[in-house]
There are 2 protein chains.
Amino acid sequence: MRRRPAAGDDSLDPADWEALKRVFHDAVEQAVDHLRDIREAPVWRPTPDAVKARLEAPLPRAPEALEALLARFAEDMLPYGTGNLHPRFFGWVHGSGNPAGALGEMLAGLMNCNLGGRDHVAVYVERQILRWCKEIFGFPAGASGLLTSGTSMGTVIALAVARTARGEIDVRRRGLAAAPRPMLGYASSEAHGAVAKAFELLGFGREALRQVPVDADFRLSLPLLAEMVAADRARGCLPAVVVASAGTVNTGAIDDLAPLAAFCRAEGLWLHVDAAFGGLAALTPDFAAPLAAIAEAHSVAFDFHKWLHVPYDAGCVLVKDEAAHRATFASRPDYLAPAERGLAGGEPWFCEYGPELSRGFRALKVWFTIKAHGIDRLAEAIARNCRQARLLGRAVESHADLELLAPVGLNIVCFRFVAPGLGEAELARLNRAIVAELQMRGIAAPSTTRIRGRTAIRVALTNHRTTTEDLAILVSAVRRLGPELLAAEAAPAAALLPLATGR
Amino acid sequence: MRRRPAAGDDSLDPADWEALKRVFHDAVEQAVDHLRDIREAPVWRPTPDAVKARLEAPLPRAPEALEALLARFAEDMLPYGTGNLHPRFFGWVHGSGNPAGALGEMLAGLMNCNLGGRDHVAVYVERQILRWCKEIFGFPAGASGLLTSGTSMGTVIALAVARTARGEIDVRRRGLAAAPRPMLGYASSEAHGAVAKAFELLGFGREALRQVPVDADFRLSLPLLAEMVAADRARGCLPAVVVASAGTVNTGAIDDLAPLAAFCRAEGLWLHVDAAFGGLAALTPDFAAPLAAIAEAHSVAFDFHKWLHVPYDAGCVLVKDEAAHRATFASRPDYLAPAERGLAGGEPWFCEYGPELSRGFRALKVWFTIKAHGIDRLAEAIARNCRQARLLGRAVESHADLELLAPVGLNIVCFRFVAPGLGEAELARLNRAIVAELQMRGIAAPSTTRIRGRTAIRVALTNHRTTTEDLAILVSAVRRLGPELLAAEAAPAAALLPLATGR
């Protein structure tokens, strides 16, 4: 069917399209089999030195056959991923991916759309995803939004809009140095590091984000916030924005959103909700109520790649004040002038709502994920993780050699192995070693954190493949490794060697 | 092989893995056939209203079969993309994609790695890509870098580092308002809008970016820059950063980089090069020399998704001063504490070099693209586009009814259709109408811009599928449409109707 290109022209397309398809088909077989059999594999294994060495080769000048590259991928890369496909990956808050989303990613790669703007179908798909998100969080139809690489960028965008909406000057034109008084933000001491990073990036400076202490359940203390805001006003500053956490990273705590929203309304403060992973628990019966007040916020940012299991990366920001959102980012030089008809139509363009002009078709993998599973089934996977967290919490409490370090509010369980006679420093070292061994031996992959000064084994359940059996394997492995590592420490140094270099 | 999950557990994985593979295989057949036959399709067609209506359905609660979703995709989406797969897409500066890159995107989707950090193979792949980029631009091995969504984010990151390196206070902690005097940046009046947007986002404000006039070839005027810097110093400001363009968006002009670099060295200014698309022409014999001085810059940002045809989105930023780069973004709270062994190893983490904590495996599609074609073949596709631009420029000059509006420096041709007796406003309207008609009829997709007040048909050749025949089709269509549209305007208003609503 393809017309012969003129002499001297030679595209990057293959000479043999059927051969190309065969490589794709082989790749599908290999990568889907890997996923199917993931339960039998170690949760993580270190990348071999030989693979690292091959990945130090210089810039290749000559082409290589796609078949050979696929073989290289299958041998060198596929087995050595982050581990988050595995049912016993509990580290940080990683989503587990899903094949329907990966299908969307493949099709997006072949379609190669640019969603900075213009009039083409991909734009309508992203708009549909945004409407669905407004539906989930009770945002009005007129709210604006954007798919982002994740909540970190969503937070930058939302706080940039807050700067526009609450600033006393035209910050975009004149810069922060021209402001008559400093703008301040507030978030709890348990807020995610991305909030402080956004304050830094936007030029406010980290010190302009005031840390509000938390209550016994690790939730932002509203009385203390009120005190701080009043004191800052009294000393001539401009309290401008509160960032609430809907699921803190350490313990899954959900700030008390409704009273916070009322306070922000009364004080004229912009309320942004960091709903990175926890926000989507609003889809479950148990957490619909505490998360309902997200609807009262000015903006919310969250991730699809965590608890909706869309392949990395995919997040979203929603902003109620569309005009402020657009006023923060819109800018259409001559070469991007809109047109009434044709490809340059499609107003408004997404590049008017964020810093990026070129944007991939991230919306397609979200569309495939939500359509293929339906939101009810995705919500049930979230609810199941919350039930599993409570189950694991109870299991921890039932063993004298395990100690629960924070209440299990959502899907995160922080605990540690304890043994008589060990001080805090020794317990910290031991529990870090337990986590490293769990990972090195490929048994499970929790992460660590510190809770009120104590080092915790942190199990974040954002994994649709995890079963109750997986939790039992984790608990028994921790209880076996604790004494084993203590015994190894007590033994002569040489005995430690195979453990310390256990790759 | 897969162990039966415990009762009550139910992952998002398919019950029938072979059925899942069949959908992937069908998707490969459809999307690859679409690509193979793209030359026979219109370059662009408007998204039908029925499709738009279907994309307004509310949040789906129930699952849908993947087969049905693929059919929906094939019917509603695949034919209505951005158009940039087509050999006669010349709009803006869009890459054309390539199947090897799409294969990488599929595998990344199935592997679902998170490249924020940690110790897994994807991190080593991204590091390899960064080393290759340093090789291309003559950056030292110790330079740092990051894959980004594109040059817009790369520019934000680079200018944030410049703020750290050239600032007189700890901006990250204290904010821009605490600076003793305003920091200023300089870029030519032809610089991309992303530079001003970065200044806005970072809190400098747009006015802190001073517009330097250009010479007859649309290149930043160094004498005028020197005057402005001296005057700004004299009035107590802090000149801090110069952004040079390696390929302006309007005309493809390349700023005179070597003298600029010398000036910046002498003046203690940070030199950032916006090499979004043009920088990679350094790989071709004709442009290696004018682009060699990118090696003397402090930072450079560019896109893989433009002239290397990696599927959207994929860009990169390189920074020579790794310490300043890391000092701008590094921040490791308790829950991200590094470990010597296991998954939490792998120092340094990529999240220490940019605002994002979760990051997809963008590096894999870049790896597949560069390995499959080899950099020499990719460079030849770039060189071919430059030859085609010169050819098109000469064709325009050979016709009395066409007028070249800017010198053809790189790969961009700005011209217009002219007819006796038409004023500037009429010519502008006519040429905009010609471009809209070219798009609406699916013949070709150039864009428009304004060059020194004149509306131009802008042909950006970053398309590996374009042949000389495609250029001939474009030229003859423009020369046919000009008189046709003029005649239609002269005819009774009713005759215009089918044209104006030409969908």
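These numbers come from a predicted model, not from an experiment.

*Asks:* Residues and numbers for the domain arrangement of chain A, please.
*Replies:* Residues and elements named next belong to chain A. In terms of domain boundaries, chain A breaks down into domain 1 (17–78), domain 2 (113–360) and domain 3 (374–500). Centre-to-centre, using C-alpha coordinates, domain 1 lies 32 Å away from domain 3. Between domain 1 and domain 3, the residue contacts involve four residues of the former and five residues of the latter. Classifying every residue of the side of domain 1 that touches domain 3 by side-chain character gives three nonpolar, no polar and one charged.

*Asks:* Can you break down helix H13 (residues 362–397) of chain A residue by residue, with the values?
*Replies:* Between the first and last C-alpha of H13(A) there are merely 42 Å, a value that for 36 residues lags more than 12% behind the 52 Å anticipated at 1.5 Å per step. Taken as a whole, H13(A) carries its principal kink of about 90 degrees at A:Gly374.

*Asks:* Account for helix H8 (residues 193–201) of chain B, naming residues and giving values.
*Replies:* Residues and elements named next belong to chain B. Most of H8 is tucked away: eight of the nine residues are buried. Of all the positions in H8, only Ala194, Val195, Ala196, Lys197, Ala198, Phe199, Glu200 and Leu201 are classed as buried. Remark: Gly203 follows H8 within two positions and exhibits a positive phi of approximately 90 degrees.

*Asks:* Describe the pairing of strand S7 (residues 299–303) of chain B, with residues and values.
*Replies:* All names here are of chain B. Summarising burial for S7: five of the five residues are buried, a large majority. On S7, burial covers both faces: Ser299, Ala301 and Asp303 on one face and Val300 and Phe302 on the other are all buried. Inspection of the sheet shows strand S6 (residues 270–274) paired to S7 by three bridges, in the parallel sense. Its bridge partner lying in S7, His272 is registered against Ser299. Read from S6 through helix H11 (residues 285–291) to S7, the crossover connection turns out right-handed.

*Asks:* Summarise unusual backbone geometry; cite the residues concerned and give the values.
*Replies:* All names here are of chain A. Residue Asp313 is reached from Tyr312 by a cis peptide bond, and omega for that bond is -10 degrees. Although it is not a glycine, Trp92 sits at a positive phi angle of roughly 50 degrees. Along the polypeptide, Trp92 turns up in the loop between strand S1 (89–90) and helix H4 (99–111). If you check the backbone angles, Arg118 has positive phi at about 75 degrees while not being a glycine. The residue Arg118 is located in the loop between H4 and helix H5 (121–137) in this model.

*Asks:* Give me the sheet that holds strand S2 (residues 144–148) of chain A: which residues, what numbers.
*Replies:* Residue and element names in this part refer to chain A. Spatially, the seven strands line up as an open sheet ordered S2-S8-S7-S6-S5-S3-S4, and their pairing is mixed. The two strands at the open ends of the sheet, each matched to only one other strand, are S2 and strand S4 (209–212). Sheet twist, expressed as the average angle between the axes of neighbouring strands with direction ignored, equals 20 degrees. With four bridges joining them, strand S3 (residues 183–188) and S4 adopt parallel strand pairing. Counterpart to Tyr186 in the pairing with S4 is Arg210.

*Asks:* Explain the environment of A:Pro420 to me, using residue names and the numbers behind them.
*Replies:* Residues and elements named next belong to chain A. Relative to the elements of secondary structure, Pro420 occurs in the loop between strand S10 (412–417) and helix H14 (424–440). Here Pro420 falls in the exposed class, since 6 other C-beta atoms lie within 10 Å of it. The spatial distance from the C-alpha of Pro420 to the C-alpha of Arg480 is 16 Å, given a sequence separation of 60 residues.

*Asks:* Which residues make up the interface of chain B and chain A, and what values do they have?
*Replies:* Facing 162 residues of chain B, the contacting portion of chain A comprises 163 residues. A total of 13 residues in the side of chain B that touches chain A trace back to one element, the largest contributor, which is helix H1 (residues 17–36) of chain B. Taken together, the residues of the side of chain B that touches chain A sort by class into 81 nonpolar, 40 polar and 41 charged.

*Asks:* Got a sec to walk through the relation of the copies chain B and chain A? Specific residues and values, please.
*Replies:* For the pair chain B and chain A, the superposition axis carries a translation of 0.0 Å, the fit reaches an RMSD of 0.0 Å, and the rotation angle comes to 180 degrees. Between the two chains, the operation in question is that of a two-fold axis. Same-surface contact between copies: 100% of interface residues of chain B are shared with the interface of chain A.

*Asks:* Could you give an account of the nonpolar core, naming the residues involved and the relevant values?
*Replies:* In terms of nonpolar packing, the biggest core is built from 356 residues, with A:Ile294 and B:Ile294 touching the most fellow members. Beyond its immediate sequence surroundings of up to four residues, A:Ile294 is in contact with A:Phe137, A:Gly138, A:Ala246, A:Leu257, A:Val273, A:Ala275, A:Gly279, A:Ala282 and A:Val300.

Reading the values: the criteria
- Residues numbered from 1 in each chain as written.
- Chains lettered and ligands numbered in written order.
- Predicted model: local features only at pLDDT ≥ 70, side-chain atom pairs only at ≥ 80, totals over all residues.
- Domains from an automatic or database assignment.
- Contact = placed C-beta atoms within 7 Å.
- Nonpolar A, V, L, I, M, F, W, Y, C, P; charged D, E, K, R; others polar.
- Helix = DSSP H or I, 4+ residues; strand = E, 2+ residues; numbered from the N terminus.
- Expected span 1.5 Å × (residues − 1).
- Bend = angle between axes of the 7 residues up to and from the residue.
- Buried ≥ 20, exposed ≤ 12 C-beta atoms within 10 Å, placed from the backbone.
- Pairing = 2+ DSSP bridges.
- Right-handed = clockwise from strand over helix to strand, strands pointing away.
- Axes fitted to C-alpha atoms, helices over the stretch in contact; angles between N-to-C directions.
- Least-squares fit on C-alpha atoms with pLDDT ≥ 70 in both.
- Core = buried A, V, L, I, M, F, W, Y, C linked by C-beta atoms within 7 Å.

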